[in-house]
Amino acid sequence: MSLDPDDPRPPYQQVSSSLRAAILTKKEGFTPGDKLPSGPELARRYSVARGTVDKALELLRSEGLIITRQGSGSFVRERTERPVGLRPHIEAAFGEQKVTLDFAGFSSETLYNAMQEPLDKIRSGRLTPESITVRLLLPDTTVPMAVPVLVDGLQDDLALRDRARNIALTNAGGIKHSVEVLADYGLVKSVKVEVRVHKASSLFKLYILNQREAFFGFYPLRERSLSVEGESRTFFDVTGKDTTLFHHSAGPDDASLGSLYLQQAQLWFNSVWNTISYERKP
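Just so we're clear, the structure is a prediction, and the values are computed from it rather than from any experiment.

## A short note on the pairing of strand 4 (residues 131-139)
Here's step 1: Taking burial as the measure, the 9 residues of strand 4 include 8 buried ones, the bulk of the element.
Here's step 2: Relative to strand 6 (residues 190-198), strand 4 is paired through 9 bridges, and the arrangement is parallel. Note that in strand 6 the partner of Leu138 across the bridge is Val197.

Take a look at the structure:
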């Protein structure tokens, strides 16, 4: 199975895209708990270097689709039976003429990564939306937060908040730049990316795509030990890559369960956006 020579994406992204589709569609026997082919086998299958396969698998691990066990190989995670992969839905959303994307969460890092493939396809002319509107609703890290906090006494720590702010603003800035440059190149007629913050800790994440699909998940809390500003710190933190997302889409009428969930999710987002949030420049 050779890669598409006309695909502008790096080979590791093409390999990860192929494996992701096989896992999410349960083709090729890739059902939860199944073992993936070995690294050398995948390298031969896609006619790429082993390092390319390793980068592709790392991307799938970061999305929570696979887990690697030392000495045993990589396996499709059991949890993929219920949670939903965000990437295919993001790409489908960008296939429409008017794209709207609302996000509420901790840093938008997962969203930034999920947007790269559809943005690449816009740059190559394979997707041609007329407008893109993105709203990012993030926590205000200039004030004490529920997380991240030190394990010892649940104390606030300015260095941890600075770290969280750098992560959030880096990814928000990346989203803003990568979308706005499409208009600069004349690839999309109208683009708008806004970032606002609010004084509440983000313990869940919410995505709303084209006002028709919603993805919701709670952030798991983890104890971590890292060197921050040259000093070792043990703290509680959220881990976005381990968040299980559940999918809700508009049903055949406004009274359907999916439509009701989507309506309430959009109402909540708009209420926070319009009342207690304020603009933040990434």
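## Some remarks on the environment of Arg224
Here's step 1: Within the element layout of this structure, Arg224 appears in strand 9 (residues 221-228).
Here's step 2: Beyond its immediate chain neighbours, meaning those up to four positions away, Arg224 contacts Arg163, Arg233, Thr234, Phe235 and Asp237.
Here's step 3: Reaching out from Arg224, the side chain makes a polar contact with the side chain of Asp237 at a distance of 3.2 Å.

## Brief notes about helix 7 (residues 257-275)
Here's step 1: With 19 residues, helix 7 ought to run about 27 Å at 1.5 Å a step, and its terminal C-alpha atoms sit 27 Å apart, in line with that.
Here's step 2: Those residues of helix 7 not exposed but buried are Gly258, Ser259, Leu262, Ala265, Gln266, Phe269, Val272 and Trp273.

## Side note on the nonpolar core
Here's step 1: Counting 36 residues, the largest nonpolar core has Ile90, Phe94, Leu111 and Ile132 as its most contacted members.
Here's step 2: Elements represented by at least two residues in this core include exactly helix 4 (86-94), strand 3 (98-104), helix 5 (109-123), strand 4, helix 6 (158-184), strand 6 and strand 7 (204-209).
Here's step 3: For this core, the leading source of residues is helix 6, giving 6 residues.
Here's step 4: If we ignore the near neighbours within four places in the chain, the residues touching Ile132 are Phe94, Val99, Ile122, Val179, Leu182, Val188, Ser190, Val191 and Lys192.
Here's step 5: Membership of the second largest hydrophobic core comes to 17 residues, among which are Ile23, Phe30, Val48 and Leu65.

## What about the pattern of salt bridges?
When the charged atoms of two side chains lie near each other, side chains of opposite charge can form a pair.
Here's step 1: Summed over the entire model, instances satisfying the criterion amount to 18 salt bridges.
Here's step 2: Measuring nitrogen to oxygen at the nearest pair gives 2.9 Å for the salt bridge that ties Asp102 to Arg135. Of this pair, Asp102 sits in strand 3 while Arg135 sits in strand 4, placing them 33 residues apart in sequence. The pair Asp102 / Arg135 is uniform in exposure class, with both members buried.
Here's step 3: Lys192 is the partner of Glu194 in a salt bridge, and the nearest nitrogen-oxygen pair spans 3.8 Å.
Here's step 4: We classify Lys192 as partly exposed; its relative accessible area is 45%.
Here's step 5: What you see here is one network of salt bridges that share partners, running through Arg9, Arg20, Arg87 and Glu117.

Reading guide: rules and limits
- Residues numbered from 1 in each chain as written.
- Predicted model: local features only at pLDDT ≥ 70, side-chain atom pairs only at ≥ 80, totals over all residues.
- Heavy atoms only, no water.
- Buried < 20%, exposed > 50% of the residue type's maximum accessible area, 1.4 Å probe, protein only.
- Helix = DSSP H or I, 4+ residues; strand = E, 2+ residues; numbered from the N terminus.
- Pairing = 2+ DSSP bridges.
- Contact = heavy atoms within 4.5 Å.
- Polar contact = N/O pair within 3.5 Å; in protein donor to acceptor, adjacent residues only side chain to side chain.
- Expected span 1.5 Å × (residues − 1).
- Core = buried A, V, L, I, M, F, W, Y, C linked by side-chain atoms within 4.5 Å.
- Salt bridge = Lys/Arg side-chain N within 4 Å of Asp/Glu carboxyl O.

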